[in-house]
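# Coordinates in review
If you want the building blocks of each chain, they are given just below.
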Amino acid sequence: MIFLDSAATTPVRREVLEAMWPLLTGDFGNPSSHHELGESAKRALDAARTSVAASLGCRASDVIFTSGGTESDNLAIKGLALAEPRGRHIVTSAIEHEAVLESVDYLARIHGFEVTVLPVDAHGLINLDEARDALRPDTTLCTVMYANNEIGAVQPIAALAELCRTHGVPLHTDAVQAAGWLPLDVAGLGVAALSLSGHKLGAPKGIGVLMVKGRRSLEPVLHGGGQERGKRSGTENVAGAVGFAHALALAETDRAERARGVARLRDDFVADVLARVPAAIFTGPVLAATPTRLPNNASFCFPGTSGESLLLELGRAGIICSAGSACAVGSDDVSHVLTAIGIDEAIAQTAVRFSLSGDTTAEQLTTVAAEIETAYRAVRSLSQ
């Protein structure tokens, strides 16, 4: 098997499993319990929070553990917008993850918020002048993702954060795909809130983080025992938090060097695919503008085929990839990301995404490019 779907999930790293194991066996206490096992679990949870804060460059009190990226996005958007809204206006972009778009839609439908959706260009990038024009005196929140999960577009988050700051608007960014590939220093980014998910980093599924800077008010989405300083009720996933902290620290250790190496492999892979299948359309930011694209992302449309059929053919060859967002599997809707960048709906249905990892090799990618050519010809022959 050649796994090229890291944007959907990653395997749990052995070092992470080893860090988690004591919290799943001997130190299995509830961190809210006032006895030896509970206090031991609380110490482990506090240490994990401190470690995450060190990786993000924020205070430990800014870190909230959640069940993953979807919950973090929901809590950030609903929590910030409803806590102390100075108005009922939200700004977002056309290519956000469903967790963001549906949270914004909820605020519009149930709480009467007005929403401005920023368009993107053919490469999936917002225009800062349009973002500036969208901010109003009654804008209570701006939420724009750091890096897109389908086409790898990297938004100018630091510049957008500065715009928002001058208008007194908090900026939330979904950084789920950026983690492990792009800088996450929240001071440098200038964001008020940032969402992360553990299973994109080599931690288990079911653990995530929301960073909310400073003493900013946050209306809880979950109510109950008042855990996470009253911001996220529910017994904490201590082992998951420890695993997340360990995975994030490992990812940050060699991030820049790993990203450069993977980007070089990705660039050669894209060139190989386009040489073998000249009709293929490379979607998202151009490779020459490397800061605007995730280093591990390569996404294509193959006109005259079906993305699902290509996936089946590649799967038979032992190649694991995706037609787009794993969170949209089972939906008949065409990708809103591809249509937002101007891809025709019929062509958007031919999309295939390849997302590399730090373990991907040049030899594997050469094999995959050859199998893409074979699969493309097979699917084309069936459709003619």
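Values in this document were obtained by computation on a predicted structure and should not be read as measured data.

Along the chain, the position of Gly 230 falls in the loop between β8 (208–212) and α8 (238–253). Judged by its relative accessible area of 31%, Gly 230 is partly exposed. In sequence terms Gly 230 and Arg 216 are 14 residues apart; their C-alpha atoms lie 13 Å from each other.

The next thing to look at is the pattern of salt bridges. Pairing is possible between side chains of opposite charge, provided their charged atoms come close. Under the definition given, this model contains 19 salt bridges. Of the charged contacts, one joins Arg 49 and Glu 228 as a salt bridge, the two residues approaching to 2.7 Å between their closest N and O atoms. Placement of Arg 49 in helix α2 (residues 36–56) and of Glu 228 in the loop between β8 and α8 is noted, with a sequence separation of 179 residues between them. Each member of the pair Arg 49 and Glu 228 is classed as buried. The closest approach of N and O atoms between Asp 272 and Arg 276, which form a salt bridge, is 2.9 Å. Here the residue Asp 272 and the residue Arg 276 both occupy positions in helix α9 (residues 255–276), the gap between them amounting to 4 residues, near one helical turn. Residue Asp 272 is classed as partly exposed on the basis of its relative accessible area of 22%. Taking the relative accessible area as the measure of exposure, Arg 276 reaches 28% and is therefore partly exposed. The network of salt bridges with shared partners includes Asp 272, Arg 276, Glu 373 and Arg 377.

Pairing is mixed across the open sheet formed by 7 strands, whose spatial order is β2-β8-β7-β6-β5-β3-β4. Two strands in the sheet have a free side with no partner beyond their single neighbour: β2 (63–66) and β4 (114–118). The average undirected angle you get between the axes of adjacent strands in this sheet is 20°. In this structure, strand β5 (residues 139–143) lies alongside strand β6 (residues 171–174), joined through 2 bridges in parallel fashion. The partner of Cys 142 across the bridge, within β6, is Leu 171.

Reading the values: rules and limits
- Residues numbered from 1 in each chain as written.
- Predicted model: local features only at pLDDT ≥ 70, side-chain atom pairs only at ≥ 80, totals over all residues.
- Heavy atoms only, no water.
- Helix = DSSP H or I, 4+ residues; strand = E, 2+ residues; numbered from the N terminus.
- Buried < 20%, exposed > 50% of the residue type's maximum accessible area, 1.4 Å probe, protein only.
- Salt bridge = Lys/Arg side-chain N within 4 Å of Asp/Glu carboxyl O.
- Pairing = 2+ DSSP bridges.
- Axes fitted to C-alpha atoms, helices over the stretch in contact; angles between N-to-C directions.

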